[in-house]
Amino acid sequence: MNRLHDAINRRILVAISYALTLLLVSLILIQGLLQHHRVENLKSVLLNLAQSQEQALAAEMFMNQTFAISMRVTEFQKLDTATQHIDATLYDLNGRTYYTTRPPSQQPIASFPAALPTRGDVFDLNWRKQSLTVWHRILLNDQPYGVLCLELRDHQLGPLAGGTVLIAVIGTVLLVLVVVIFLLRDFVQNVVVHRLQTISTAASRIETSKDCADPIVVSGNDEITTLASQFNQMLIRLHDAQQREIEYQKLSAIDKIAAQVAHDIRSPLAALDSVMRDLSQLPEDKRSIIRSAVGRIRDIANNLIETNRETKAAIVGASGEAAASVQSATPTMELISSHIEPLITEKRLQFRSKIGIEIESRLDAASYGLFADIQAVEFKRILSNLVDNAVEALKDKGWVRVRLALTGQHVVISVEDNGRGIPPEILARLGHRGETHGKAGGSGLGLYHAKTCVEAWGGSLAIESSPSGTTVRIELPRGVPPRWFVSRLKLEPAGKVVIFDDDTSIHQVWKGRLDSLRVEERGVETFHFSTPEELRRWVLESPDNRKALFLMDYEILGHEQNGLSLAKELGLGSRVILVTSRFEEKPILDQCLRLGARMIPKGLAGFVPVDFQGPLKRPAAILIDDDQVIRRLWGLAAQAEGRELVSFSSPAEFLDVADDFDKATTIYVDSKLGIKMKGEEFAKDLHARGFESLLLTTGLEKDSFPPMPWIKEIVGKEAPWEASAA
């Protein structure tokens, strides 16, 4: 507005300047015309005076009274006034002076003409000297006698007198210019008014329709264009505010419903908790399903309240704050398969009315032991939504499959269906905020939230689709298995395996696994027990049980003792592997770690790799580094020195075979093992697993690291054999 105000003031000043110029030009033109008229009058006076003097001279010459010429010439002085003075000079035909009234010290104003016309007079106007001169030829008896010069000095003849015609022309041109400028000004003003009317009309339209999505189109490079541009920016901000308000209202309604649902869920949950205290009449698999379902319902209720506290902030902050909200829930290292199988069971129950739809998980030995750093509740919610979307795409018939696999160092979870697919133009937009497909009333937040969460965990989400079906693929960085997890089950030749479980089906699973390995041929004995009394009696009666491996269940139906308390009573310690579906419960996990035992999720007992413990390997060194070049250089250096080096690209890759190596083997761990993994932290975990000789390799200064008792030494990135040679 200030720029527009200044522009109006400038135009007013220009208009005043134009008016003053027009007035000045008019005054100059009038003055010039008056001067021109005065000069013409003076010419007439001088010409008449010269002619009268010529007649007087002719009469005096006729009477031979030449002496009277000087007397008559002096009479010119009588014509002088306060503003005018006349000098007269009589020349012969050659320009010699007969007589003059001009003082001797005064030079003539005009020089004698080089040529005089036979007839007529010559006038000379000198506006600088404010004079008018006439040259008049004197004829006596029709014969040239001389030339009479009359010089008139007039103080009222100003500089304008000599250029009146030029002044008149200039004045006319200036006048025309002023008129043209004023016409152009009117034209410009009309254009400006029209453009301002465009802005005004748009403002009125927006006020009526409340639609801020239609910008104003005004071209140019002036204040009006700037005003229109600022107006359009304001429209964009208003439109964004409108969209945020709409989404705010929508999610506020969801917030209220979620809070009410969470409140209503907690009462039946309390009842379910009391019933779950006594499920001894149910088999283990049924108990596992119930515990998983109740735990998931509790997680959903708690998460509904926690998540919707920040609904309004997430709306204002859009994707940036939404991602921050996801990251605010601390991710933990989770066994991915343990979240898939219970969810698939829930989904089968949820969609049991859809007889033509098959929901299954494809988990096998390759999917065993895959961990990732995720937020468990969010992961289950994402997977649940993806399965729901796949079922909705099938209508009444088809299949949905959830697969788990390892590709390189990434855990890949894929949800596949054989539905009708997604059109390419819609597929490209899915995963963006507000984009949805195939859901009546869908907000588009499901896939957007899933993508945001997965990316916050360092992974990616991709959707592939064709007319024969759709696949949603989630990739997550593979995590390091925790200490309690059994990546591989090692059996000692001529050893003993004790299986303690109240569920006969689990005994059958282990029998099938061990029989397939022909453990009897290796001298391995197996023992099966279902009650604490049987196990207690065997331990007390078997003096060589120190070499036995105990695969024990946690829950024992009909008995107050559990597997861990019994293991503590019998002093079994680290020889125990707890096979339970309750491995995720923190109290059980803490008891297990205090005892020194490890765990296998009961649902994965059929997939855990089982082999025989051979002689422990002890190479010259083990290198754990994600840099392929470093691994290659160390390998060449070891080969040149005739030393054995075993290298691994990731902590998880080493832990898969860690039990094959002697605990005293020298292990070099890189200080930077990836985005979320520090070598010193992994070395601390290795130390807790029993490895003693741990060295940290780094390109940084040693002093930049704090004291780390579990690290034997901090070294550089060069191979140790190169350093010793140098």
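Residues numbered from 1 in each chain as written. Predicted model: local features only at pLDDT ≥ 70, side-chain atom pairs only at ≥ 80, totals over all residues. Heavy atoms only, no water.

(A) Region of interest: the overall build of the chain. Broken down by element type, the chain carries 18 helices and 24 strands. When the 726 residues of the chain are sorted by exposure, 40% land in the buried category. A separation threshold of at least 6 residues defines the contact pool for the chain, and within that pool the share at least 24 residues apart is 68%. For the chain, the accessible area works out to roughly 39,300 Å², and carbon and sulfur atoms hold 56% of it. (Helix = DSSP H or I, 4+ residues; strand = E, 2+ residues; numbered from the N terminus. Buried < 20%, exposed > 50% of the residue type's maximum accessible area, 1.4 Å probe, protein only. Contact = heavy atoms within 4.5 Å. Areas by Shrake-Rupley, 256 points an atom, 1.4 Å probe, with all protein chains shown as cover.)

(B) The arrangement of the packing of helix α13 (residues 563-570) against helix α14 (residues 586-595) in detail. At a minimum axis distance of 10 Å, the contact between α13 and α14 shows a crossing angle of 20 degrees. Taken together, the axes of α13 and α14 are roughly parallel relative to one another. Judged by the twist between their axes, the crossing of α13 over α14 is left-handed. Contacts from L564, A567 and K568 of α13 reach α14 at I588, Q591, C592 and L595. Tallied by class, residues from the contact of α13 with α14 come to five nonpolar, one polar and one charged. (Axes fitted to C-alpha atoms, helices over the stretch in contact; angles between N-to-C directions. Parallel < 35°, antiparallel > 145°, perpendicular 65-115°, else oblique. Left-handed = near helix turned anticlockwise from the far one by under 90°. Nonpolar A, V, L, I, M, F, W, Y, C, P; charged D, E, K, R; others polar.)

(C) Representation of the sheet that holds strand β7 (residues 357-362) in the model. Strands sit in the order β7-β9-β10-β12-β11 across an open sheet of five strands; the sheet is mixed. With partners counted over all chains shown, the strands left at the sheet margins are β7 and β11 (460-466), one partner each. Going from strand to strand, the sheet's axes swing by 15 degrees on average, the running direction of each strand aside. Two strands pair when backbone bridges link them, and strand β10 (residues 410-417) and strand β12 (residues 469-477) are joined in this way by eight bridges, in the antiparallel orientation. Each residue of the ladder has a partner; that of H410, found in β12, is P477. (Pairing = 2+ DSSP bridges.)

(D) Highlighting the pattern of salt bridges. For the structure on display, the rule yields 27 salt bridges. One salt bridge in this structure joins E151 and R102, with 3.5 Å as the shortest N-O distance. Highlighted residues: E151 in strand β5 (residues 143-154) and R102 in the loop between β2 (97-100) and β3 (121-126), separated in sequence by 49 residues. For E151, a relative accessible area of 1% corresponds to the buried category. Close ionic contact of D670 with K717 constitutes a salt bridge, the shortest N to O distance being 2.9 Å. Taken as a pair, D670 in strand β22 (residues 667-670) and K717 in the loop between β24 (713-715) and α18 (720-725) lie far apart in primary sequence, 47 residues in all. Taken together, the shared-partner salt bridges connect R488, K490, D611 and D660 into one network. (Salt bridge = Lys/Arg side-chain N within 4 Å of Asp/Glu carboxyl O.)

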